[in-house]
Amino acid sequence: MDSPLDPVLTEQLLKLRQKYAAMGQDLSSYLDGLLYSDYLTYWDYIHLDTLLSLQNPKTSFKDEKVFIVYHQITELYFNLILWEIEQIVDHPNLDEKFFCARLDRINRYFQQLVGSFEIMVLGLEKEQFLKFRMSLLPSSGFQSGQYRMIEICATDLINLVNAKDREAIGENSTIDQQIERMYWRSGATELATGKKTLTLQQFEEKYMNQFKEIGDKHRDKNLRALYLKKFPDSAEVKSRLRELDEFANVRWPLAHYKSAAKYLQKNPEDIRATGGTNWQKYLPPRFQKIIFYPELWSDTEKQEWGKAGLMS
Ligand code: HEM
């Protein structure tokens, strides 16, 4: 037998026994488990093999992998943004410091996304893109559920209602009425027929109920509602929310629009390589004018929304 246990170890064992006893568990069995379990490796911890098995191009064009991986990276950042929002929303005692710290994180994630969009704008061969994109129809980044969830959690739903219905239904309309009129639903119509695109139909089938649930949960607990209720006079909160508005509703959409403008035909009749929307009238932020925090912008800033050079 080795030398007796040193006092620190004894102390740790006693604490562990207490912890397990509190849940009616036997520490000794857990120590056996520890004895037989393997050491953790980096690759297991981050599930590297699984992660690297999730890129499955539909064609043999080399650049399709770049396209897939960049979408996956974006979705992971979207997921982190939602993660930070949930921490704000679920905080039992939300204070200004925590709110600002999490908003800073969200803005940093958006900054990475905006800064890296050149991977799409400059990093694909157009000839390859136009070919492999045809194998992906009718899917589109438009069908990113997490993108819509970020919007729903960031503001009151009425700010996401398409501009022409916003005044008509008013702030006190129900979640159902507002969700029915989300700006992106009216955006995704076929050029030729004015009917809902298949891209939209499939998207709604998968996500619409979830969007309603999230809208319901965040009706009084979205970032805008929390700011107005708890910190209406905080300059610190306001400046971060302005930054978020600018990232989410101007800078990311403009960076994204650049890639559509670069790769897709300008001729509206020839939009076969998209989900079928009139993207030139839909994607530029100056057309939708989605603004999460309208009270934080002057009338001129709102009128000029989405035009290059307005923002910092
Ligand atoms: C070469 C790169 C890209 C091109 C040419 C492109 C093109 C388009 C087009 C044309 C649309 C309008 C809907 C449609 O007709 O399908 C759209 C929407 C959208 N795309 Fe992309 N996209 C690209 C990359 C990305 C990436 C990397 C993401 C990240 C997830 C993304 C996310 C979205 C989202 C969220 C929308 C809806 C935007 C809104 O409703 O305002 N796209 N894209």
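Described in the following lines is the structure provided in the data block. Since the structure is predicted, the reported quantities are computational estimates derived from the model, not experimental observations.

Cut-off values and rules
- Residues numbered from 1 in each chain as written.
- Predicted model: local features only at pLDDT ≥ 70, side-chain atom pairs only at ≥ 80, totals over all residues.
- Heavy atoms only, no water.
- Near = heavy atom within 4 Å.
- Polar contact = N/O pair within 3.5 Å; in protein donor to acceptor, adjacent residues only side chain to side chain.
- Helix = DSSP H or I, 4+ residues; strand = E, 2+ residues; numbered from the N terminus.
- Nonpolar A, V, L, I, M, F, W, Y, C, P; charged D, E, K, R; others polar.
- Core = buried A, V, L, I, M, F, W, Y, C linked by side-chain atoms within 4.5 Å.
- Buried < 20%, exposed > 50% of the residue type's maximum accessible area, 1.4 Å probe, protein only.
- Contact = heavy atoms within 4.5 Å.
- Donors = N, O, S within 2.8 Å, 3.2 Å for Na, K, Ca; no water.
- Expected span 1.5 Å × (residues − 1).
- Salt bridge = Lys/Arg side-chain N within 4 Å of Asp/Glu carboxyl O.

**A closer look at the site of the ligand**
- Inspection of the region around the ligand gives 27 residues, with S140, R148, H256, T277 and Y282 positioned closest.
- Within the side chain of R148, one N or O atom sits 2.6 Å away from an oxygen atom of the ligand.
- Contributing elements (two or more residues each) for the shell around the ligand: α5 (63–90), α9 (145–154), α15 (235–263) and α16 (279–282).
- The biggest single contributor to the shell around the ligand is α15, with 5 residues.
- For the shell around the ligand, the residue count by class is 16 nonpolar, 10 polar and 1 charged.

**Quick look at the nonpolar core**
- Formed by 73 residues in total, the largest nonpolar core has its most connected members in I88, F99, W184, F211 and L223.
- A total of 10 residues in this core trace back to one element, the largest contributor, which is α15.
- Discounting residues that sit within four places of it in the chain, L223 has contacts with I85, I88, F99, L103, C153, A154, L244 and Y293.

**As for the coordination of the iron atom of the ligand**
- Among protein residues, the single donor to the iron atom of the ligand is H256 (NE2), with a metal-donor distance of 2.1 Å.
- One can find H256 in helix α15.

**Observations concerning unusual backbone geometry**
- That bond from L137 to P138 is cis: its omega, 0°, falls within 30 degrees of zero.
- Turning to its location among the elements, P138 is positioned in the loop between α8 (126–132) and α9.
- Despite not being glycine, K289 has its phi angle at roughly 50°, a positive value.
- Mapped onto the secondary structure, K289 falls in the loop between α17 (285–288) and α18 (299–303).
- According to the relative accessible area criterion, K289 is partly exposed, its value standing at 30%.

**Topic: helix α6 (residues 96–116)**
- Between its first and last C-alpha atoms α6 spans 30 Å; for 21 residues at 1.5 Å apiece the expected length is 30 Å, and the two agree.
- Taken as a whole, α6 has its buried residues at F98, F99, C100, R102, L103, I106, N107, Y109, F110, L113, V114 and S116.
- Summarising the contacts, the buried residues of α6 are in contact with α5, α7 (118–121), α14 (223–230) and α15.

**Some details on the pattern of salt bridges**
- Using the criterion set out here, one finds 15 salt bridges in the structure.
- For R102, the salt bridge goes to E84, with nearest N and O atoms at 3.5 Å. Note that R102 is positioned in helix α6 and E84 in helix α5, a separation of 18 residues in sequence.
- Notably, a salt bridge pairs R148 with E151, separated by 3.4 Å at the nearest N-O pair. Linking R148 with E151, this pair stays in helix α9, spanning 3 residues, or about one helical turn.
- Since its relative accessible area comes to 4%, R148 is described here as buried.
- Ionic contacts of the salt-bridge type, sharing partners, join the residues E180, R185, K196, E204 and K212 into one network.

Just geometry here; none of it tells us what the structure is for.
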